[in-house]
Amino acid sequence: QVQLVESGGGLVQAGGSLRLSCAASGLTFSDYGMGWFRQAPGKEREFVAYINWRGRSTTYADSVKGRFTISRDNAKNTVYLQMNSLKPEDMAVYYCAAKYVWAPDYNYWGQGTQVTVSS
């Protein structure tokens, strides 16, 4: 049974930082690219960042470029999202997702972790 479990969300003031983690189990982690998505109340889920299976290629949404960093530790089956210079508009539920190397879409999703940014 595949599980993706996010952690690290919470309340932070604007300008602050948070580090999200997503621990994966039940799959061969190094076979999967990993993504972070977010969904704010009343809005559709949106892409935040992606890292390929080796960790050598990353992609970011324009809204977070230069502020967020995605990384992974295949030995720990964990992907991270370092979020700096947080803004109120970053407030959302953040989800991690796993995409098999050759798959067109994400195969597995976590349950999400809330990030609240106070102004």
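*Asks:* So what's going on with the state of the cysteines? Which residues, and what values?
*Replies:* The full count for this structure, using the stated rule, is one disulfide. Between Cys 22 and Cys 96 runs a disulfide, and the two sulfur atoms are separated by 1.9 Å. The sign of the S-S torsion, about 45 degrees, decides the handedness of the disulfide formed by Cys 22 and Cys 96: right-handed. With a gap of 74 residues between them, Cys 22 in strand S3 (residues 18–25) and Cys 96 in strand S9 (residues 92–100) connect regions that are remote in the sequence. Each member of the pair, Cys 22 together with Cys 96, is buried.

*Asks:* Account for the layout of surface pockets, naming residues and giving values.
*Replies:* Of the pockets and cavities examined, the largest pocket occupies roughly 150 Å³. As for the largest pocket, its lining consists of Arg 38, Gln 39, Ala 40, Lys 43, Glu 44, Glu 46, Pro 88, Glu 89, Met 91 and Ala 92. Across the lining of the largest pocket, the residue classes tally to four nonpolar, one polar and five charged.

*Asks:* Break down the packing of aromatic side chains for me, with residues and values.
*Replies:* Evaluated as defined, the whole model comprises six aromatic pairs. Both rings, one in Tyr 32 and one in Tyr 100, keep their centres 5.5 Å apart while their planes meet at 70 degrees; by these two values the pair is edge-to-face. One end of the pair, Tyr 32, is in strand S4 (residues 32–39); the other, Tyr 100, is in strand S9, with 68 residues separating them in the sequence. Residue class for Tyr 32 comes out buried when judged on its relative accessible area of 10%. Where Tyr 106 meets Trp 109, the ring centres are 5.7 Å apart and the plane angle is 50 degrees; that geometry is what we call tilted. An aromatic cluster is built from Phe 37, Phe 47, Tyr 106 and Trp 109, whose rings are joined through pairwise contacts. Note that Arg 19 overlies the ring of Tyr 80, its terminal NZ or CZ placed 3.9 Å from the centroid.

*Asks:* Give a detailed account of unusual backbone geometry, specifying residues and quantitative values.
*Replies:* Phi at Asn 77 takes a positive value of approximately 55 degrees, unusual for a residue other than glycine. Among the secondary structure elements, Asn 77 is positioned in the loop between strand S7 (68–73) and strand S8 (78–83). For Asn 77, a relative accessible area of 25% puts it in the partly exposed group. Although it is not a glycine, Ser 85 adopts a positive phi angle of roughly 50 degrees. Counting through the fold element by element, Ser 85 comes out in the loop between S8 and S9. Since its relative accessible area comes to 39%, Ser 85 is described here as partly exposed.

*Asks:* Describe the nonpolar core, and please don't skip the residues or the numbers.
*Replies:* Met 34, Trp 36, Leu 81, Met 83 and Tyr 94 are the most contacted members of the largest nonpolar core, which has 30 residues in total. The set of elements that each furnish at least two residues to this core consists of S3, S4, strand S5 (46–51), S7, S8, S9 and strand S11 (113–118).

*Asks:* Run through the sheet that holds S7, naming residues and quoting values.
*Replies:* Strands sit in the order S1-S3-S8-S7 across an open sheet of four strands; the sheet is antiparallel. The open sheet is flanked by strand S1 (3–7) and S7, the only strands paired with a single partner. Across the sheet, the mean angle separating the axes of adjacent strands is 15 degrees when strand polarity is ignored. Pairing of S1 with S3, which is carried by five bridges, proceeds in the antiparallel orientation. In the strand pairing of S3, Val 5 is matched with Ala 23.

Parameters and conventions
- Residues numbered from 1 in each chain as written.
- Predicted model: local features only at pLDDT ≥ 70, side-chain atom pairs only at ≥ 80, totals over all residues.
- Heavy atoms only, no water.
- Disulfide = S-S within 2.5 Å.
- Helix = DSSP H or I, 4+ residues; strand = E, 2+ residues; numbered from the N terminus.
- Buried < 20%, exposed > 50% of the residue type's maximum accessible area, 1.4 Å probe, protein only.
- 1 Å grid on protein atoms, 1.4 Å probe; cavity = no way out; pocket = protein on both sides within 12 Å on 5 of 7 lines; lining within 4 Å.
- Points joined across faces, edges and corners; volume = space filled by probe spheres on them.
- Nonpolar A, V, L, I, M, F, W, Y, C, P; charged D, E, K, R; others polar.
- Phe/Tyr/Trp six-rings, centres within 6.5 Å; stacked < 30°, edge-to-face > 60°.
- Lys NZ or Arg CZ within 6 Å of the ring centre and 35° of its normal.
- Core = buried A, V, L, I, M, F, W, Y, C linked by side-chain atoms within 4.5 Å.
- Pairing = 2+ DSSP bridges.
- Axes fitted to C-alpha atoms, helices over the stretch in contact; angles between N-to-C directions.

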